Each structure stands twice: as C-alpha cells, then as structure tokens.
Amino acid sequence: LLHPVLDPVRGLRTKRRVSHVYAMEVPRHPRPLLITDAGINVAPTLADKRDIVQNAIDLAHALGIELPRVAILAAVETVSPTIASTLDAAALCKMADRGQITGGLLDGPLAFDNAVTDDVHDRLGPQTPGNGSAVAGHADILVVPDLETGTMLVQQLVSLADADAAGIVLGARVPIILSTGS
C-alpha cells in the first residue's frame, strides 16, 4: 500500500517525513493515547523524529487537543551518552524550545510509567525524574525510540489492557488508515 504513496514522482509525499500513529483507547486510562511511530519508521534519525513528533502534534490538534503533552519515551529519565534514545529525547525537547517543533508541550526522556501514571511521583518520592513536569503523568502523545519498541508497547496494551487501536499514516497529502491485522 505504501509504495505508491511514497513514489517520488506520482506519490502523495510532502516535505515532511511520513509516519504512523496509533490512536489508543485504554480502558483504565482517563484519556486517549497517541503512540508514534510503531508502523513505518524502523530506526528513525533525529530529523525523522522531529517530523514524527510534529505529525503527531498536528493529529492531536485535529482531534481537539489544543496543547498536546508529548512524552519522549526512553528506558531511563536522565540523559545518558550511552543510551541514544535519551540523547534524542533531550534534543527534541530543545528543538521544541527553539520553535523547530510547535504546538505541543514536550518532555523527555521519560519512562512509560512516569509518562502515563499520575501517582508515580507519589509512590516513588519527590526526587523522581520528571517531577515538576507538565507532561509526566498526563501525556497525550507517546513517542517511542523505534518501531520495535512501539509495536511491543501497542501489542502489550491491546493484549493485556484490552486497549483498542486505530492506525493512521501522517505526513502525506492525505491521511491514510492502516489495518492492524489483529
């Protein structure tokens, strides 16, 4: 399906990177979650992630979320030179500070639990990374480091938390709905 979309001559490409977002309804979570990119970009570069984040923010706006909270996920919540996802998270947040990503509130690196759980700071104490963050515990958008991480996260939410998922391709001239096959 995507080969004709991505055709450089007759396709539907724009200047922005094409990306995928899962819109998730998780029964015990108070609001929908947008998870990106778990469908197209296998190992996105920092430049790719900038477009992936902007695409997700634009979708959130279209869904009525005025200022989406964007959690850039990583395994740990401190920037580590040995963990590339933490470096990308810090760079993406700085890009947002400088106006290279607009329309959302970014924070990262954040671990999954700190991104989506309100009480994680109460359980772990005031020194928890992310404390004082407007995103931690309230994320609307979860940006995963790579396709494998995103796919596993979506599958876990569907399998263990009875979540519903709908996938959409963004960054083309028209939105494209993809079937999850599950």
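Residues numbered from 1 in each chain as written. Predicted model: local features only at pLDDT ≥ 70, side-chain atom pairs only at ≥ 80, totals over all residues. Heavy atoms only, no water.

A.B. asks: Lay out helix H6 (residues 147-161) in plain terms, naming residues and giving numbers.
C.D. replies: Taking 1.5 Å of rise per residue, 15 residues should cover 21 Å, and H6 covers 20 Å from first to last C-alpha, within 8% of that figure. Of all the positions in H6, only Gly150, Leu153, Val154 and Leu157 are classed as buried. The buried residues of H6 occupy an angular sector of 95 degrees when the element is viewed end-on, so they sit on one face. Turned more than 90 degrees from where H6 packs its buried face, Glu148, Ser159 and Leu160 sit exposed. Each element contacted by the buried residues of H6 is listed here: strand E1 (19-25), strand E2 (33-36), strand E3 (69-73), helix H4 (112-116), strand E5 (141-143) and strand E6 (164-170). (Helix = DSSP H or I, 4+ residues; strand = E, 2+ residues; numbered from the N terminus. Expected span 1.5 Å × (residues − 1). Buried < 20%, exposed > 50% of the residue type's maximum accessible area, 1.4 Å probe, protein only. Arc of directions from axis to C-beta. Contact = heavy atoms within 4.5 Å.)

A.B. asks: Report on the environment of Leu67, specifying residues and quantitative values.
C.D. replies: Looking at where Leu67 falls in the secondary structure, it is placed in the loop between helix H2 (46-62) and E3. For the pair Leu67 and Leu105, spaced 38 residues apart in sequence, the C-alpha to C-alpha distance is 6.6 Å.

A.B. asks: Go over the packing of H2 against helix H3 (residues 84-97), please, and point to the residues and values.
C.D. replies: One can describe the packing of H2 onto H3 by two numbers: an axis separation of 10 Å at closest approach and a directional angle of 55 degrees. By the angle class used here, H2 and H3 are oblique. The interaxial crossing formed by H2 with H3 has right-handed handedness. Residues Leu46, Lys49, Arg50 and Val53 of H2 form the contact with H3, whose own contacting residues are Asp88, Ala91, Leu92 and Met95. Per-class residue counts for the contact of H2 with H3 are five nonpolar, no polar and three charged. (Axes fitted to C-alpha atoms, helices over the stretch in contact; angles between N-to-C directions. Parallel < 35°, antiparallel > 145°, perpendicular 65-115°, else oblique. Left-handed = near helix turned anticlockwise from the far one by under 90°. Nonpolar A, V, L, I, M, F, W, Y, C, P; charged D, E, K, R; others polar.)

A.B. asks: So, the sheet that holds E3: which residues are in play, and what are the values?
C.D. replies: Here we have seven strands laid out as an open sheet, ordered E4-E3-E5-E2-E1-E6-E7, and mixed in their pairing. This sheet does not close on itself; its edge strands, each paired only once, are strand E4 (105-110) and strand E7 (176-178). The sheet shows a mean angle of 25 degrees between the axes of neighbouring strands, taken without regard to direction. As defined by bridge partners, E3 adjoins E5 across three bridges and the pair is classed as parallel. (Pairing = 2+ DSSP bridges.)

A.B. asks: Give a detailed account of the pairing of E1, specifying residues and quantitative values.
C.D. replies: Where burial is concerned, most of E1 is hidden: five out of the seven residues are buried. Bridge analysis of E1 against E6 gives seven bridges, and the strand direction is antiparallel. Each bridged residue has a counterpart across the sheet, and for Tyr22 the counterpart in E6 is Gly167. For E1 and E2, the ladder comprises four bridges, and the chain directions are antiparallel. Considered in E2, the bridge of Val21 is made with Thr36.

A.B. asks: Run through the environment of Val70, naming residues and quoting values.
C.D. replies: With respect to the helices, strands and loops of the structure, Val70 is situated in strand E3. Sequence separation of Val70 and Leu142 is 72 residues, and the distance between their C-alpha atoms is 6.1 Å. Non-local contacts of Val70, meaning those with residues more than four positions away in its chain, are made with Val53, Ile57, Leu105, Leu106, Asp107, Val135, Ile141 and Val143.

A.B. asks: How would you sum up the pairing of E4? Please name residues and give values.
C.D. replies: Of the strand pairs in this sheet, E3 and E4 are connected by four bridges, and their pairing is parallel. Bridging from a neighbouring strand, Arg69 pairs with Leu105 of E4. Between the parallel pair E3 and E4, the chain is carried across by H3, and the sense of this crossover is right-handed. (Right-handed = clockwise from strand over helix to strand, strands pointing away.)

A.B. asks: Which residues make up the pattern of salt bridges, and what values go with them?
C.D. replies: This structure, assessed with the given rule, holds six salt bridges. For Asp140, the salt bridge identified is with Arg31, shortest N-O distance 3.8 Å. Taken as a pair, Asp140 in the loop between helix H5 (120-124) and E5 and Arg31 in the loop between E1 and E2 lie far apart in primary sequence, 109 residues in all. (Salt bridge = Lys/Arg side-chain N within 4 Å of Asp/Glu carboxyl O.)

A.B. asks: Can you explain H3? Please cite residues and give values.
C.D. replies: Here H3 contains 14 residues, and its C-alpha end-to-end distance of 20 Å stays within 8% of the 20 Å for a straight helix at 1.5 Å per residue. Those residues of H3 not exposed but buried are Ser85, Thr86, Asp88, Ala89, Leu92, Cys93, Met95 and Ala96. Along its buried surface, H3 packs onto H2, E3 and E4. One or two positions beyond H3, positive phi appears at Gly99, with a value near 80 degrees.

Note that all results are geometric; they support no functional claim without further evidence.
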